[in-house]
Amino acid sequence: MAVALLEFVTPQDIVFGTLYVIPMLRLGTTAAALTLWGYALLVCALTLLNLVLPPPVTLEGPVVVNRLLVCGALLVTAGQCLRVQALQRQRLDLQARLSVEDLRSDFVATLAHDLKTPILGTIATTKLLGEQQRPDGALLSRAIATIERGQTRALRQIQTLLEVYGNDAEGLRLSPECLDLSSIVEEVIGEVSALAQERQLTIRLAFMGSGQWQEHTLVGDRVQLRRLVENLLLNAIHHSLRGGQILVTLAALGSAHRLQVIDRGPGVPEQELPNLFQRFHRLSADRQGSGLGLYLCRQIVSAHGGTISLRNRTGGGAEIEVDLPIEAREA
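## Some words on the packing of helix α6 (residues 181-198) against helix α7 (residues 222-238)
Argument step 1. Contact geometry of α6 with α7 gives a least axis separation of 9 Å together with a crossing angle of 35°. Considering only the axes of α6 and α7, their crossing is right-handed. Contacts from I184, V185, E187, V188, I189, E191, V192, L195 and A196 in α6 reach R222, L225, R226, V229, E230, L233, L234, I237 and H238 in α7.
Argument step 2. Class assignment of the residues belonging to the contact of α6 with α7 gives a composition of 12 nonpolar, 1 polar and 5 charged.

Below, the structure is given as structure tokens:
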């Protein structure tokens, strides 16, 4: 109001419209967009109205231009105030998300750590019972084996959960060394063969090119690459049909080695393919797993500077393809 009075009691060549910015800045912190634009248009109208009120009217080019420039500046200021409001909301939203993420990570890490102790105790107890049972206790033997497998699977999922959250928070740190990928794949196949036999599955390792066993030497983290191969094979086992075959192939590509894991299961719906390597993504509620296995695989492959992809095969089943550079380069 005071600025408007100054405008109307002074000659037209004196422009006080820039002072309207002061209340606009105060409004800009909390006012809604409609209110702010309404105020900007109102003060622009008052600034231009001073060209004809009070009389006499003496319109001159420089005076009109000055007042138009002031109106333009007022409108730009209103726009900038709204932009600042949007940035402030984004900042607050980001802070809230980070706080929730930190809280969730702490909760998951604590819960997973607390769950590991009783599970490890159960596994140790079942092994002890299996060693001390009588020879004729076939039923007890099967029960103990079932309990041990279930607890081992739960422990594996908890370990995966801890690794995923640790990698997200701190990054996956590699301990690179020169190693043979072929030997790692063979070792892991031997470890998961018992689970595959339970599902009446066979796992076959093939070497592309020569067809004979050959080394695939690269620089990488042995523990993480074993974890990668184990997750890929377990994923194939869980999604294969009973009585089928899982084919694992290794091939040299010059500057990289290619690992393929091929199953003959039902495959993956095409609309799900872009989301398979996302955290906690599962194809359906009745599928086994936590939805973290492939996400962890992507973390490991990315840390080695490689690529991982999944596609459906024409004859049925799915194929996961991993390319690992010979020289590890941490991403």
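## Concerning the sheet that holds strand β6 (residues 307-312)
Note: strands within a sheet are paired through backbone hydrogen bonds, in either parallel or antiparallel orientation.
Argument step 1. Reading across the sheet, the 5 strands line up as β2-β4-β5-β7-β6 and stay open at both edges, with mixed pairing between neighbours. Strand pairing shows two members of the sheet lacking a second neighbour, β2 (202-207) and β6, which therefore form its edges. Sheet twist, expressed as the average angle between the axes of neighbouring strands with direction ignored, equals 15°.
Argument step 2. Pairing analysis gives 6 bridges linking β2 to strand β4 (residues 245-252), with the strands arranged parallel.

## What about the environment of T314?
Argument step 1. If you trace the backbone, T314 turns up in the loop between β6 and β7 (318-325).
Argument step 2. Given the relative accessible area of 87%, T314 is considered exposed.
Argument step 3. Taking the C-alpha atoms as reference, T314 lies 9.8 Å from G267; in sequence the two are 47 residues apart.

## Concerning the pairing of strand β5 (residues 256-262)
Argument step 1. Here β5 lies mainly inside the structure; 6 of its 7 residues are buried.
Argument step 2. Sheet analysis places β4 next to β5, joined by 6 bridges and oriented antiparallel. In the strand pairing of β5, T249 is matched with Q260.
Argument step 3. Hairpin connection from β4 to β5: 3 residues lie between these consecutive antiparallel strands, with G254 at a positive phi of about 90°.
Argument step 4. Judged from the 7 bridges that link them, β5 and β7 form a sheet pairing that is antiparallel.

## Observations concerning the pattern of salt bridges
Argument step 1. Going through the model one piece at a time under the given rule, you end up with 9 salt bridges.
Argument step 2. For E319, the salt bridge identified is with R311, shortest N-O distance 2.7 Å.
Argument step 3. Taking the relative accessible area as the measure of exposure, E319 reaches 6% and is therefore buried.
Argument step 4. The network of salt bridges with common partners includes R258, R311, R313, E319, E321 and D323.

## Thoughts on helix α3 (residues 33-49)
Argument step 1. Taking 1.5 Å of rise per residue, the 17 residues of α3 would be expected to cover 24 Å, and the 24 Å separating its terminal C-alpha atoms lies within 8% of that figure.
Argument step 2. Every buried residue of α3 is accounted for by L36, Y39, A40, V43, C44 and T47. Projection of α3 onto a plane perpendicular to its axis shows the buried side chains occupying an angular sector of 130°, all on one side. Within α3, the exposed residues directed more than 90 degrees away from the buried face are L34 and L41.

## Observations concerning unusual backbone geometry
The bulk of non-glycine residues show a negative phi, and the bulk of peptide bonds are trans.
Argument step 1. With a phi close to 60°, Q200 is a non-glycine residue in the positive phi region.
Argument step 2. Tracing the backbone through its elements, the reader meets Q200 in the loop between α6 and β2.

## Some details on the nonpolar core
Argument step 1. If you look at the biggest cluster of nonpolar residues, it comprises 43 residues, and the most contacted ones within it are L228, L232, L233, I246 and V322.
Argument step 2. Here this core gets 8 residues from one element, more than from any other, and that element is α7.
Argument step 3. Once residues lying within four places of it in the same chain are set aside, the contact partners of L228 are C297, I300, V301, V322 and L324.
Argument step 4. If you look at the next biggest cluster of nonpolar residues, it comprises 14 residues, including A4, Y20, C71 and C81.

So, how was this worked out
Residues numbered from 1 in each chain as written. Predicted model: local features only at pLDDT ≥ 70, side-chain atom pairs only at ≥ 80, totals over all residues. Heavy atoms only, no water. Axes fitted to C-alpha atoms, helices over the stretch in contact; angles between N-to-C directions. Helix = DSSP H or I, 4+ residues; strand = E, 2+ residues; numbered from the N terminus. Left-handed = near helix turned anticlockwise from the far one by under 90°. Contact = heavy atoms within 4.5 Å. Nonpolar A, V, L, I, M, F, W, Y, C, P; charged D, E, K, R; others polar. Pairing = 2+ DSSP bridges. Buried < 20%, exposed > 50% of the residue type's maximum accessible area, 1.4 Å probe, protein only. Salt bridge = Lys/Arg side-chain N within 4 Å of Asp/Glu carboxyl O. Expected span 1.5 Å × (residues − 1). Arc of directions from axis to C-beta. Core = buried A, V, L, I, M, F, W, Y, C linked by side-chain atoms within 4.5 Å.

Note that every value here comes from positions in space, so none of it alone points to a role or purpose.
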